[in-house]
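Remarks on the overall topology
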Amino acid sequence: MTQDRTALSAFLRDRRDRLTPASVGLTEYGRRRVPGLRREELAQLAGVSPDYYSKLEQGRQANVSPEVLRALARALRLDAVESAYLHDLAAPAIAPDPVAQVADPGLLQVMQALDHVPVILLGRAGEILASNALIRAVLSLPMETGASLHHYLFRNPIARERIVNWSQFASAAVAGLRRDAARRPGDPVLAALIEELRVSEPQFAQWWDDHEVLEFERTIKVIQHPSAGTMQFGIEFLCTPGNPDQSLIVYTVEPGSTTARVLPILASWDPDSTISV
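Attention in this report is confined to the structure presented alongside it. What you are looking at is a predicted structure, and each value in this text was computed from that prediction instead of being measured.

**Things to note about the side chain of glutamine 246**
Within the secondary structure layout, glutamine 246 lies in strand E5 (residues 243–252). Side-chain polar atoms of glutamine 246 contact the backbone oxygen of valine 102, separated by 2.7 Å.

**Some remarks on the packing of aromatic side chains**
Summed over all chains, the structure comprises seven aromatic pairs. Between phenylalanine 154 and tryptophan 166, the aromatic rings sit 5.7 Å apart at their centres with planes inclined by 75°, giving edge-to-face as the arrangement. Pair noted here: phenylalanine 154 is in helix H8 (residues 149–155) and tryptophan 166 is in helix H10 (residues 166–183), with a separation of 12 residues, a long-range link. The pair phenylalanine 154 / tryptophan 166 is uniform in exposure class, with both members buried. Ring centres 5.3 Å apart and planes at 85° place the aromatic pair phenylalanine 154 and phenylalanine 204 in the edge-to-face group. With phenylalanine 154 in helix H8 and phenylalanine 204 in helix H12 (residues 202–209), this residue pair connects regions lying 50 residues apart in the sequence. There is no split in this pair, since phenylalanine 154 and phenylalanine 204 are both buried. Three or more aromatic residues link up through ring pairs in this structure, and these residues are Phe154, Trp166, Phe204, Trp207 and Trp208.

**Considering the pattern of salt bridges**
The final tally for this structure, using the stated rule, is 21 salt bridges. Its salt-bridge partner being aspartate 14, residue arginine 18 comes within 2.9 Å of it at the nearest N-O pair. We note a salt bridge from arginine 70 to glutamate 67, for which the minimum N-O separation is 3.7 Å. With arginine 70 and glutamate 67 both in helix H4 (residues 66–75) and three residues apart, the pair spans about one turn of that helix. Connected through shared salt-bridge partners, Asp88, Arg124, Arg179, Asp180, Arg183, Arg184, Asp187, Glu215 and Asp245 make up one network.

**Thoughts on the pairing of strand E2 (residues 128–131)**
For strand E1 (residues 119–122) and E2, the ladder comprises three bridges, and the chain directions are antiparallel. Bridge pairing in E2 links leucine 121 to alanine 130. In sequence, E1 turns back onto E2 through a hairpin of five residues, with alanine 125 there showing a positive phi of about 60°.

**So, the nonpolar core**
One finds Leu139, Leu153, Phe154, Trp166, Phe204, Met231 and Phe233 to be the most contacted residues of the largest nonpolar core, which totals 40 residues. Top contributing element to this core by residue count: H10, with seven residues. Among all residues touching tryptophan 166, those that are not within four sequence positions of it are Leu153, Phe154, Ala159, Arg160, Gln203 and Trp207. Core analysis: the next-biggest nonpolar cluster, separate from the first, contains 28 residues, Leu12, Val24, Ala43 and Ala75 among them.

**Some points on H4**
Within H4, burial applies to Val68, Leu69, Ala71, Leu72, Ala73 and Ala75. Contacts from the buried residues of H4 go to helix H2 (39–46), helix H3 (50–57) and helix H5 (80–90). Arginine 77 sits one or two residues past H4 and shows a positive phi near 60°.

Procedures and definitions
- Residues numbered from 1 in each chain as written.
- Predicted model: local features only at pLDDT ≥ 70, side-chain atom pairs only at ≥ 80, totals over all residues.
- Heavy atoms only, no water.
- Helix = DSSP H or I, 4+ residues; strand = E, 2+ residues; numbered from the N terminus.
- Polar contact = N/O pair within 3.5 Å; in protein donor to acceptor, adjacent residues only side chain to side chain.
- Phe/Tyr/Trp six-rings, centres within 6.5 Å; stacked < 30°, edge-to-face > 60°.
- Buried < 20%, exposed > 50% of the residue type's maximum accessible area, 1.4 Å probe, protein only.
- Salt bridge = Lys/Arg side-chain N within 4 Å of Asp/Glu carboxyl O.
- Pairing = 2+ DSSP bridges.
- Core = buried A, V, L, I, M, F, W, Y, C linked by side-chain atoms within 4.5 Å.
- Contact = heavy atoms within 4.5 Å.

Here's what the structure looks like:
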């Protein structure tokens, strides 16, 4: 497969526009017609010819060496996650694995041991592979497996009602989805999900066009539950080396906190204590 250079071109332009000559130690001469660095200025910083960089940003450069990518990452002041994203965008595309997703047995066993906190198992493109009763009670998630967590987050009004810091959490989810898309550029399910949300959800489209990129990582989620009140969780991501496409999302609580005291009561209200797979 041939890599689609559209995302690479857009990312390079976005990060170039964010820099100014002063921020990278260059002297400004004359009137400027671009919001950030000129292409030739970035080429100079990266140690490549202006013609080469122009072809790269325009999507006309088929192959890019790791050395050039590292030089561009330094010139663009990219952090570690953004740099890895740049390398993935420039890498040859790999045909996606058509095999249907099945919940990892080991991660399901971990879920069984964590029935005292909300837990959800996600697969590629945010597909819900398994969930326990507490996560469904806290978020009002659908019980059926195969549903999309991103659909819940952006298309279910309950998500905005329950998640107090919804904008922070949702924008980070978009940035993480962008990171995922670069790892699997030929994944039709992921591409269809992104296009669907871009067309139907203006907030998603705005964040997508910001070109922010993040790894899914520990964060704080604040929930306003209609019966249990305000609850605060630390969100942890666990995965196994043998199945990197699946992530076990664990909602941790501070011992002795209000949330820790309320969770057992919430669990007692819900007679369904099973894991939905």
